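The primary structure of each chain is shown beneath.
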Amino acid sequence: MKLLSLAALIGAFGCFTLPAPATAQQSCGQRDQVLERLGSQYGESRQSIGLAPNNGVVELFASTETGTWTLLMTQPNGVSCLIASGQAFEMTAEVAQAKGDDA
């Protein structure tokens, strides 16, 4: 069932696809439409965020109820592209140690 949901998510992004080289097909769309779909169909909300070297915003969306997750990158022009998605998402409470700290 979860595999079917993943296929549906990838298919859902298909309707937002922008032209891309045949060797690097990506599922992309306008950010507001992508977020609406992630929230309404998968119950996913943003869990983390970071800035990529190309000024793209990388975000992890996930549902703690269903375990689905989606990794997006949004370019400065407002287009979001699916980087990866999956299942079995779990929140962790691990804290990174600074270099040089004893374990």
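The preceding data block contains the structure.
The sections below set out a description of the structure shown in this document. (Residues numbered from 1 in each chain as written. Predicted model: local features only at pLDDT ≥ 70, side-chain atom pairs only at ≥ 80, totals over all residues. Heavy atoms only, no water.)

## Structural notes on the sheet that holds strand E3 (residues 57-62)
Phase 1 of the analysis: Strand order in the open sheet formed by five strands is E1-E5-E4-E3-E2, and the pairing between neighbours is antiparallel. Here the strands that pair on one side only, and so sit at the sheet edges, are strand E1 (28-30) and strand E2 (45-51). Neighbour to neighbour, the strand axes of the sheet diverge by 30° on average, direction disregarded.
Phase 2 of the analysis: Here E3 runs beside strand E4 (residues 69-74); their pairing, made up of six bridges, is antiparallel. Counted as the bridge partner of Ala62 is Trp69 from E4.
Phase 3 of the analysis: Packed on one face of the sheet, helix H2 (residues 31-42) meets E1, E2, E3, E4 and strand E5 (79-86) and runs near 105° to E1. (Pairing = 2+ DSSP bridges. Helix = DSSP H or I, 4+ residues; strand = E, 2+ residues; numbered from the N terminus. Axes fitted to C-alpha atoms, helices over the stretch in contact; angles between N-to-C directions. Contact = heavy atoms within 4.5 Å.)

## Things to note about H2
Phase 1 of the analysis: The end-to-end C-alpha distance of H2, which contains 12 residues, comes to 16 Å, matching closely the 16 Å that a straight helix rising 1.5 Å per residue would cover.
Phase 2 of the analysis: Buried within H2 we find Val34, Leu38 and Tyr42. Seen from one end, H2 has its buried residues packed into an arc of 35°, which puts them on one side. Away from the buried face of H2 by more than 90 degrees, exposed residues Asp32, Glu36 and Ser40 are located.
Phase 3 of the analysis: In the stretch just after H2, Gly43 is the one whose phi turns positive, near 65°. (Expected span 1.5 Å × (residues − 1). Buried < 20%, exposed > 50% of the residue type's maximum accessible area, 1.4 Å probe, protein only. Arc of directions from axis to C-beta.)

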